[in-house]
Amino acid sequence: MQRNWSPIPFTKVKPVDAFWAPRMEANRTHGLNAVFQQLKDTGRLDAYNLDWTPDSQEPAPHVFWDSDVAKWLEGACYSLMNHPDPSLRSRVEDVVDRILLAQAGDGYLNPHFTIVEPGKRWTNLRDKHELYCAGHLIEAAVAHHQATGDTRFLEGMLRYVNLIDQTFGSEGDQRGGYPGHEEIELALIKLYRHTGVERYFNLARYFIDVRGGSPHYFDLEARKRGEDPEAYWVGTHAYTQSHLPVRQQREVVGHAVRAMYLYAAMADLAYETGEKALIETLQALWDDLTFHKLYLTGGIGPSRANEGFTKWYDLPNRDAYAETCAAIGLVFWSHRMLQLDLNSRYADVMERALYNGMLSGVSLSGDRFFYENPLASAGSRHRQRFFACSCCPPNINRVLPTIGGYVYSQSQDQIAVHLFIQSRAEINLSGGKLILKQETDYPWDGIVCLRCEMEKPMAFVLKIRQPGWCPESRLYLNEVHFPIDPALDRGYFTVKRLWQPGDLLRLQLAMPATQIYAHPQVWSDVGRSAITRGPLVYCIEAVDQIVPVSSLRLPRSAAFDSKFEPDVLDGVVMVQAMAKAVDLQAWGEALYQYHPPKLVSVPIRAIPYFAWDNRSPGEMQVWVPETPS
């Protein structure tokens, strides 16, 4: 196993395509503004004035409000790195000023515990999100420093981290706790990489290593609060992935976002240490997720009750929770696993989650959002501008500007191509600077061209992912068919040569629309199939059909026709086929009959799942009942 891959930063990769670049621009011009306005209107920004009182007519600052503000701030800073914008920069500095003015003298920073529950710091790590919020503030401070060079926000957060480091640990009177909602572990490792201060890495490792120990810390703190640990509302510490020490865990459990943030942090820790036991744990968890608990769309966490996982093959469609933040967390974890072990199975899941489970969470306009992402709807599910628990909109804000950072990884004089996005990348190799231009109409077309621009010939290895969904591919070097030997290395074509300026490598991926089936024990999908094309999952939406969606039956081995429609949903490839539909008129008004319904032939049109609910409201299905012919 190779652990020396590192992602090429998004600041060195500029998407210039017709798919992601417009979505990044919509996020910059509409998404960030829309979420900022909601942060103002809901009191999240004013909370830093610390003027709330119990007699106030305004809502009390909530325990997780800091995280909403911090994620927006992080996303705004990433956007500034891509696109300098004086107006956005001014808005960013205003938010930073507000945050720093609310910081206590000892470095503590959380409006809720400063003015709503003073004196109760760190008394309920299980439920109250203090360390989670601190983590997001830390990540925002790192992004602010990277974007502006200004140190004041970073210095403020370093004071907070120093307080946390003094408070938690195994020495003297330190608290032996860890966060109920994981995130600070990711932030501390990011801070360590940004500053080089090993103490921050050690604190992250402490939070990971101590998790799930016995006696259980959350039980101890509950008793100190005068509560019975047995009365814990969810009934199990699996909800917070603290039911076992992390290296003993083999099953993905509990709250989905928390799980993804923990596993991503464990992957970061394994990357830095090379610890075999931790890597084996992560691989076992990965297998459990991808074999038993992953939606076709890359969504995860089917249950509203715990915002997370249940049992194997429990993947309901209309009632799917599949939180947008959970899909984003899966992208984070997948990407980190890819740096640990260059295997296309991680990139396949990362791509599926990006193009479907995450992207469905935002409207084409960039300013409306899904919290939950069902795979079927009766027509009543719609994106909203904000939510009472509004973690997803600012999470979208911070992911979209960084899309370029998921495209490539580098290992000395090796370059791995994970995603196919028309872009321009600047890559430093031992032989000099390489400009790698990717030209493609992906995901609508399967032709990907990689053009090498450099001042002189350079020797390096180019590894190009063969997607798991692709049934056939061909590779050409300077328009000459290029034989691959060996054909694939864990899902990546490998081309090693002395590259000449102007060399062109062309990958041709077959991209047919196909039917796909779920495991027979996924009861929600028995007798159903779905349509996929390339990395995209498709759905049937009412506005495109001449009969009710619920009446449709997809023939087994249907013949699909794919066509790009520039005037539909800002331009998408629609998939068309002849299907069957229940003849409702022939059925009549009887509630039950002793013969099967009559079926008639009808045309159907399917759109990419990410684009549903951007037009007239109506029924939607991903998994469609099947008929033999």
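Residues numbered from 1 in each chain as written. Predicted model: local features only at pLDDT ≥ 70, side-chain atom pairs only at ≥ 80, totals over all residues. Heavy atoms only, no water.

Caption draft 1: Focus on the sheet that holds strand β8 (residues 447-453). Across the sheet, seven strands lie side by side as β2-β6-β7-β8-β13-β10-β11; this open sheet has antiparallel pairing. Of all strands in the sheet, those with a lone pairing partner are β2 (13-15) and β11 (480-481), marking the two edges. For strand β10 (residues 473-477) and β11, the ladder comprises two bridges, and the chain directions are antiparallel. Directly across from L477, in β11, lies its bridge partner V480. (Pairing = 2+ DSSP bridges. Helix = DSSP H or I, 4+ residues; strand = E, 2+ residues; numbered from the N terminus.)

Caption draft 2: Local environment of the nonpolar core. Counting 205 residues, the largest nonpolar core has W72 and W333 as the members making the most contacts within it. Ranked by residues supplied to this core, first place goes to helix α10 (residues 256-273) with 13 residues. If we ignore the near neighbours within four places in the chain, the residues touching W333 are M260, Y263, A264, A267, L282, L285, W286 and L289. (Core = buried A, V, L, I, M, F, W, Y, C linked by side-chain atoms within 4.5 Å. Buried < 20%, exposed > 50% of the residue type's maximum accessible area, 1.4 Å probe, protein only. Contact = heavy atoms within 4.5 Å.)

Caption draft 3: Spatial organisation of the packing of aromatic side chains. Enumeration according to the criterion identifies 30 aromatic pairs in this entry. Relative to F201, the ring of Y192 lies with its centre 5.1 Å away and its plane at 40 degrees, an arrangement referred to as tilted. When its relative accessible area of 21% is taken as the criterion, Y192 is described as partly exposed. Measuring from ring centre to ring centre gives 6.0 Å for W312 and Y313, while their planes differ by 75 degrees; the resulting arrangement is edge-to-face. In this structure W312 comes out as partly exposed when scored by relative accessible area, which is 45%. Looking at Y313, the relative accessible area reads 11%, which means it is buried. Every member of this aromatic cluster is reached through a ring pair, and the members are F19, W20, Y355, F420, Y442, W444, W469, F564 and F610. Here R121 stacks its cationic end above the ring of Y108, 4.0 Å away from the centre of that ring. Sitting over the ring of W499, R497 keeps its end group 5.3 Å from the ring centre. (Phe/Tyr/Trp six-rings, centres within 6.5 Å; stacked < 30°, edge-to-face > 60°. Lys NZ or Arg CZ within 6 Å of the ring centre and 35° of its normal.)

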